[in-house]
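Working through the structure, step by step
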Amino acid sequence: MRSQIFHKFGAALLLLTLLIVPFVMSYFGKTFWLDIFTRLIILSIAASSLSLLLSVAGLASFGHAAYIGLGAYAVGIPVYFETYGGNDFLAGYNGWWHLLLAVSVCALFALVTGAISLRTRGVHFIMITMAFSQMIFYLLVSLEEFGGDDGLSVDLRSEFALLDTVVLDIEEPWIFYLLCYVLLLLVLFVISRITHSHFGRVLNAARQNEQRVRALGVNPYGYRLFAFVLAGVIAGLSGVLYANYAYFVSPGMVEWTRSGELMFMIILGGVTSLFGPLIGATCFVLLEYFLSRWTIFWHLPFGLLLLGVVLFGRGGIVGLLTRRRRGELEP
Amino acid sequence: MSVLQTNNLTKRFGGVVATDAVSLSLEQGKVHALIGPNGAGKTTFIAQLAGQLMPDAGQILLNAKDITKLSEPERVRAGLTRTFQISSLFSDFSVLENVAFSVQARTGHSYRFWSKVASNARLNATAADLLELLGLSEKSQEKAAALSHGEQRQLEIAMALATEPKVLMLDEPMAGMGSEETQRLIELLGKLKSETTLLLVEHDMDAVFALADDLSVLVNGALIASGPAAEVRTHPEVISAYLDSGT
Ligand SMILES: Nc1ncnc2c1ncn2[C@@H]1O[C@H](COP(=O)(O)OP(=O)(O)OP(=O)(O)O)[C@@H](O)[C@H]1O
Ligand SMILES: [Mg+2]
């Protein structure tokens, strides 16, 4: 109970910090912090969507970056056509159009690859989801028109208009940040509801003991597939944001190491908590930033740290904090 | 009337014939005990009826309908449920949640994404009734993993009952229970049999003779006797085969 209150308090504090710090920093002229925090929020959305699979359903999908890439190209390609001409059907700066494209492409890709991957278990599942994301990687590399290896720059951010009036001018960095922030809250809320729903309980039960779920008359396959599609769509959404954030899309976003980083964020933050991925992404982005300023060999200490958390801090950072807290409170 | 029937059911594991052309019939509303020494193939037989293992040959009929090709969940929804010899629980769930999920599994699909399932009064009430029946009410908020071995056996049965089976297959339900728990379970199973046909695999002979209407004996995968309990228990081959193996 105490650890739960501590947990809620900590989460509220973190959310508040994320809301205030970038603006305070900008006020003092350090505008790049807004940039770092925007990236952090977008990655949190992607990591949270993966945690629905990894933490709730126990499905170690190793290809989640593919959806970020697909979502990003759903912005990059229409913007490219709008700027340079070529395909009038896809072309457009319209953000709603980008979202529609991203959601439908990601849902379709998740449905097809999930239907196949979810027939496998364990290491096979990890490998096959990774293989599918590599397919997307090589597909994007082969698209010469869209820059191949080098990717595409996105000249203008998506335009969110209603009745020809721009309702959200996301070229304005702080508006864009607030949009990402609100979307993160929304995603966390949706994931929390789903986790505690009838549906979420099936996923949870099947993670613990699939044999028994089947022996009680439920085939987890359809539920897992639905979760797989949902997680893919949310990650696609983060891809739309990422393309807008970076003014750039490239196959590099889909590299398997990116999928691995998302997993690390979840494990780093702690798999038992809704806010684990957010905490993990925060630490990940900040560590990356500070370590890379300190030494160009930052990957080494970074890797060691991750290893340490995985080996010794079961339950990730949330686990470490709540455990210590409990230790302090109980005589 | 025969509710569940097998015709020449056969299963091999490499050279081992774990189920050797077994033809067995469960009568509506009766307790059918299946006994046999360790490694006789009792669990393997149940696993084929439940659909976890596919037989190499033979047929399974539920209410005269061939279910040999049905998947495991489909069979449960058709009214055929099993329990496990080694308790198969959801260890992170509370005791109540274990049963509430089992009730949920019976009551239609779970594509419901918004309402909080933990506070679903209907699921919880049904689950609480079942826990009461198995004498686990006081433990309902504990994690399943924290239960004693005997309590886990009770929970195992509560979960199976939650599916409201027409035929319930119990794989050594009493194993590891105290004598008091065993007594209560014998009483409970006795009451159940008016609605539920039971296949009881059990080494506890007192329980078997207290409950069984019919009795089958499995040795090396093959049935050596099957019929009314009173007759089979006096069968000389049964006495020698069964007692010789030291069970
Ligand atoms: N998956 C398997 N692969 C290979 N052999 C198996 C497998 N499962 C069971 N067996 C073998 O089949 C035979 C029957 O085993 P089974 O577990 O059905 O016996 P049982 O009657 O339930 O025994 P017990 O009373 O010990 O529970 C044994 O010889 C066992 O070694
Ligand atoms: Mg057995």
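As the structure is a prediction and not an experimental result, all values here were calculated from the model.

Description of the overall build of chain B
What chain B contains, in helices and strands, is 9 helices and 10 strands. For chain B, the C-alpha radius of gyration of 18 Å lies close to 18 Å, the compact-globule estimate for 247 residues. Its C-alpha atoms give chain B principal-axis dimensions of roughly 55 × 40 × 35 Å. For chain B, buried positions account for 52% of its 247 residues. Pairs at least 24 apart in sequence give 67% of the contacts found in chain B among residues at least 6 apart. Carbon together with sulfur atoms contributes 51% to the accessible area of chain B, which is approximately 10,500 Å² in total. Looking at chain B, you have 21 positive and 29 negative side-chain charges, and the mean spots of the two groups are 8 Å apart.

Examining the packing of helix α3 (residues 95-106) of chain B against helix α5 (residues 149-162) of chain B
To describe two helices that pack against each other, one gives the angle between their axes and the distance between the axes. Residues and elements named next belong to chain B. Interhelical geometry of α3 versus α5 gives an angle of 20° and a closest axis separation of 8 Å. By the angle between their axes, α3 is roughly parallel relative to α5. When the axes of α3 and α5 are compared, the crossing they make is right-handed. Taking contact as the criterion, the partners of Val-95, Asn-98, Val-99, Ser-102, Val-103 and Arg-106 in α3 are, on α5, Leu-155, Ala-158, Met-159 and Ala-162. In terms of residue class, the contact of α3 with α5 is made up of 7 nonpolar, 2 polar and 1 charged.

With respect to the nonpolar core
Of all hydrophobic cores here, the largest spans 148 residues; its most connected members are Leu-18 of chain A together with Val-99 and Leu-155 of chain B. Broken down by element, this core gets its largest block of residues, 16 residues, from helix α2 (residues 32-56) of chain A. When residues of this core are sorted by domain, at least three fall in each of domain 1 (1-79 + 165-247) and domain 2 (89-164) of chain B. Not counting chain neighbours up to four residues away, the residues in contact with Leu-18 of chain A comprise Phe-37, Leu-40, Ile-41, Tyr-177, Tyr-181 and Leu-278 of chain A.

Some points on the coordination of the magnesium ion (ligand 2)
Six octahedral donors around a metal ideally make angles of 90 or 180 degrees; four tetrahedral donors ideally make 109.5 degrees. Residue and element names in this part refer to chain B. At the metal site, the magnesium ion (ligand 2) is ligated by Thr-43 (OG1) and Gln-85 (OE1), and these contacts range over 1.9 to 2.1 Å. Of the two residues, Thr-43 is situated in helix α1 (residues 42-50) and Gln-85 in the loop between β6 (80-82) and α3; the sequence distance between them amounts to 42 residues. By relative accessible area, Thr-43 is classed as partly exposed at 30%.

Details of the domain arrangement of chain B
Residues and elements named next belong to chain B. Here chain B is partitioned into domain 1 (1-79 + 165-247) and domain 2 (89-164). Of note, the centres of domain 1 and domain 2, computed from C-alpha atoms alone, are 26 Å apart. Contacts between domain 1 and domain 2 engage 16 residues on the former and 13 residues on the latter. Both sides together, the interface formed by domain 1 and domain 2 hides about 1,200 Å², and carbon and sulfur atoms give 64% of it. When the buried area of domain 1 at its contact with domain 2 is split by residue, Pro-165, Arg-184 and Leu-188 rank highest and sum to 37% of it. Applying the counting criterion to the domain 1 and domain 2 interface returns 0 salt bridges.

Side note on the state of the cysteines
All names here are of chain A. For the structure on display, the rule yields 0 disulfides over all chains. Considering cysteine sulfurs only, Cys-106 is the nearest to Cys-180, which forms no disulfide, with 16 Å between them. For Cys-180, a relative accessible area of 0% puts it in the buried group.

Description of the sheet that holds strand β4 (residues 57-62) of chain B
Note on sheets: strands pair through backbone hydrogen bonds, and any given pair is parallel or antiparallel. Residue and element names in this part refer to chain B. Across the sheet, which stays open at both edges, the 4 strands sit in the order β2-β1-β4-β5 with antiparallel pairing between neighbours. A strand with exactly one partner marks an edge of an open sheet, and here the two such strands are β2 (16-27) and β5 (65-66). As paired elements, strand β1 (residues 2-13) and β2 share 8 bridges and run antiparallel to each other. Looking across to β2, one finds that Arg-12 is bridged to Val-17. Helix-sheet contacts for α1 involve β1, β2 and β4, and the interaxial angle to β1 is about 120°.

Here we look at the environment of Asp-206 of chain B
Following the sequence through the fold, Asp-206 of chain B ends up in helix α7 (residues 205-211). Distance from Asp-206 of chain B to Gln-183 of chain B, taken between C-alpha atoms, is 9.8 Å for residues 23 residues apart in sequence.

Topic: the sheet that holds β6 of chain B
Residues and elements named next belong to chain B. Read from one edge of the open sheet, 6 strands run β6-β7-β8-β3-β9-β10, paired in mixed fashion. The open sheet is flanked by β6 and β10 (222-228), the only strands paired with a single partner. Averaged over all pairs of adjacent strands, the angle between strand axes in this sheet comes to 15°, irrespective of strand direction. In the packing of α1 onto the sheet, contacts are made with β3 (31-35), β6, β7 (167-171), β8 (197-201) and β9 (214-219), and the angle to β7 comes to roughly 150°. Each of β6 and β7 is contacted by α5, which is oriented at about 160° to β7, the strand it contacts most.

Description of the pattern of salt bridges
Residues and elements named next belong to chain A. Summed over all chains, the structure comprises 12 salt bridges over all chains. In this structure, Arg-121 engages Glu-210 in a salt bridge whose closest nitrogen and oxygen atoms are separated by 2.9 Å. Residue Arg-121 is found in the loop between α4 (95-117) and α5 (122-142), and its partner Glu-210 is found in helix α8 (residues 210-215); the two are separated by 89 residues along the sequence. Taking relative accessible area as the criterion, Arg-121 reaches 40% and is therefore assigned partly exposed. Here Glu-261 ties to Arg-258 by a salt bridge, and the two come within 3.0 Å at their closest N and O atoms. Residue Glu-261 and its partner Arg-258 are located together in helix α10 (residues 256-269), separated by 3 residues, close to a single helical turn. Classification of Glu-261 as buried rests on a relative accessible area of 18%. On the accessibility criterion, Arg-258 (35% relative accessible area) is partly exposed. By sharing partners, the salt bridges in this structure join Arg-121, Glu-210 and Arg-224 into a single network.

Focus on the interface of chain A and chain B
Contacts between the two partners involve 27 residues from chain A and, on the opposite side, 36 residues from chain B. Both faces considered, chain A and chain B share a buried interface measuring about 3,000 Å² in area, 60% of it formed by carbon and sulfur atoms. When the buried surface of chain A facing chain B is broken down by residue, His-198, Arg-201 and Arg-212 of chain A rank first, second and third, together holding 30% of it. The tally of links between chain A and chain B comes to 3 salt bridges.

The rules behind these values
Residues numbered from 1 in each chain as written. Chains lettered and ligands numbered in written order. Predicted model: local features only at pLDDT ≥ 70, side-chain atom pairs only at ≥ 80, totals over all residues. Heavy atoms only, no water. Helix = DSSP H or I, 4+ residues; strand = E, 2+ residues; numbered from the N terminus. Rg over C-alpha atoms; globule rule 2.2 N^0.38 Å. Buried < 20%, exposed > 50% of the residue type's maximum accessible area, 1.4 Å probe, protein only. Contact = heavy atoms within 4.5 Å. Areas by Shrake-Rupley, 256 points an atom, 1.4 Å probe, with all protein chains shown as cover. Lys, Arg positive; Asp, Glu negative; His and termini not counted. Charge placed at Lys NZ, Arg CZ, Asp CG, Glu CD. Axes fitted to C-alpha atoms, helices over the stretch in contact; angles between N-to-C directions. Parallel < 35°, antiparallel > 145°, perpendicular 65-115°, else oblique. Left-handed = near helix turned anticlockwise from the far one by under 90°. Nonpolar A, V, L, I, M, F, W, Y, C, P; charged D, E, K, R; others polar. Core = buried A, V, L, I, M, F, W, Y, C linked by side-chain atoms within 4.5 Å. Domains from an automatic or database assignment. Donors = N, O, S within 2.8 Å, 3.2 Å for Na, K, Ca; no water. Buried area = accessible area lost by both parts, 1.4 Å probe. Salt bridge = Lys/Arg side-chain N within 4 Å of Asp/Glu carboxyl O. Disulfide = S-S within 2.5 Å. Pairing = 2+ DSSP bridges.

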